[in-house]
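Observations on chain architecture
Spelled out from the first residue to the last, the chains are:
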Amino acid sequence: GENVEQHPSTLSVQEGDSAVIKCTYSDSASNYFPWYKQELGKRPQLIIDIRSNVGEKKDQRIAVTLNKTAKHFSLHITETQPEDSAVYFCAARGFGNEKLTFGTGTRLTIIP
Amino acid sequence: SAVISQKPSRDICQRGTSLTIQCQVDSQVTMMFWYRQQPGQSLTLIATANQGSEATYESGFVIDKFPISRPNLTFSTLTVSNMSPEDSSIYLCSADSPNTGELFFGEGSRLTVL
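The structure reproduced in this document is the subject of the present report. (Residues numbered from 1 in each chain as written. Chains lettered and ligands numbered in written order. Predicted model: local features only at pLDDT ≥ 70, side-chain atom pairs only at ≥ 80, totals over all residues. Heavy atoms only, no water.)

**Overview of the overall build of chain A**
The helix and strand inventory of chain A stands at zero helices and eleven strands. Helices and strands in chain A line up, N terminus first, as β-β-β-β-β-β-β-β-β-β-β. On C-alpha atoms alone, chain A measures out to a radius of gyration of 13 Å, which is about the 13 Å that the 2.2 N^0.38 rule sets for 112 residues. Taking the principal axes of its C-alpha atoms as reference, chain A extends roughly 45 × 30 × 20 Å. Contacts spanning at least 24 positions in sequence make up 53% of the contacts within chain A whose residues lie at least 6 apart. (Helix = DSSP H or I, 4+ residues; strand = E, 2+ residues; numbered from the N terminus. Rg over C-alpha atoms; globule rule 2.2 N^0.38 Å. Contact = heavy atoms within 4.5 Å.)

**Some thoughts on the overall build of chain B**
Within chain B one finds zero helices and eleven strands. From first element to last, N terminus to C terminus, chain B shows the α and β order β-β-β-β-β-β-β-β-β-β-β. Here chain B has a C-alpha radius of gyration of 13 Å; the compact-globule value for 114 residues is 13 Å, and the two agree. Taking all 114 residues of chain B together, the buried fraction comes to 54%. Contacts in chain B between residues at least 24 apart in sequence constitute 53% of all its contacts with a sequence separation of at least 6. Of the roughly 5300 Å² of accessible surface on chain B, 47% is carried by carbon and sulfur atoms. Separation between the mean location of the 7 positive side-chain charges and that of the 10 negative ones in chain B comes to 8 Å. (Buried < 20%, exposed > 50% of the residue type's maximum accessible area, 1.4 Å probe, protein only. Areas by Shrake-Rupley, 256 points an atom, 1.4 Å probe, with all protein chains shown as cover. Lys, Arg positive; Asp, Glu negative; His and termini not counted. Charge placed at Lys NZ, Arg CZ, Asp CG, Glu CD.)

**A closer look at the pattern of salt bridges**
All names here are of chain A. Summed over all chains, the structure comprises seven salt bridges over all chains. Residue Asp49 pairs with Lys57 through a salt bridge whose shortest N-O separation is 2.9 Å. Its relative accessible area of 12% is what places Asp49 among the buried residues. With relative accessibility at 35%, the residue Lys57 sits in the partly exposed group. (Salt bridge = Lys/Arg side-chain N within 4 Å of Asp/Glu carboxyl O.)

Have a look at this one:
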């Protein structure tokens, strides 16, 4: 089955700086890669996703890049703000497979 | 986007008892899933709730411990049976958007087993 690894487990950045979280996946057939943000005590919420036919996708301060050859994808947050503090999870889903496999999570702390 | 309601939102249970969590989606969805999230951990898939047939369980989860019902395209239940303190966790219902494939989550049910 699919295995998703996520690094780092914790990340602290100064407000205004950029944050990068990286994930690798094992199943070369995976074709959908979402990123979820989970604030304390809240449900995970999708912030951006990318499909295997695209190398990069951007939404305001958030971007995701995908390298299919290396089987890794990354989340980039620019101009970080205190409200970006949360736990972020990457995930992967294979073609013809309906279930998502999640990474282990990254606790991002933005230092004012 | 789908709106998913779960209840109870939290409960404190005695060892050996069972608790059923209900999940209601505001629109018909094909796929519904149940996840477990232990404190400070990631999301682990328990099973896929299949409408009209038995749920599909992931490795390490069995039907006797986590029976699941899916009577229609908008509703599912997860029962945590014969609970022990190790079952203390957040249980999350989720569903796929039929149009985008995006996975939406309920608010979660936080269970504490004493």
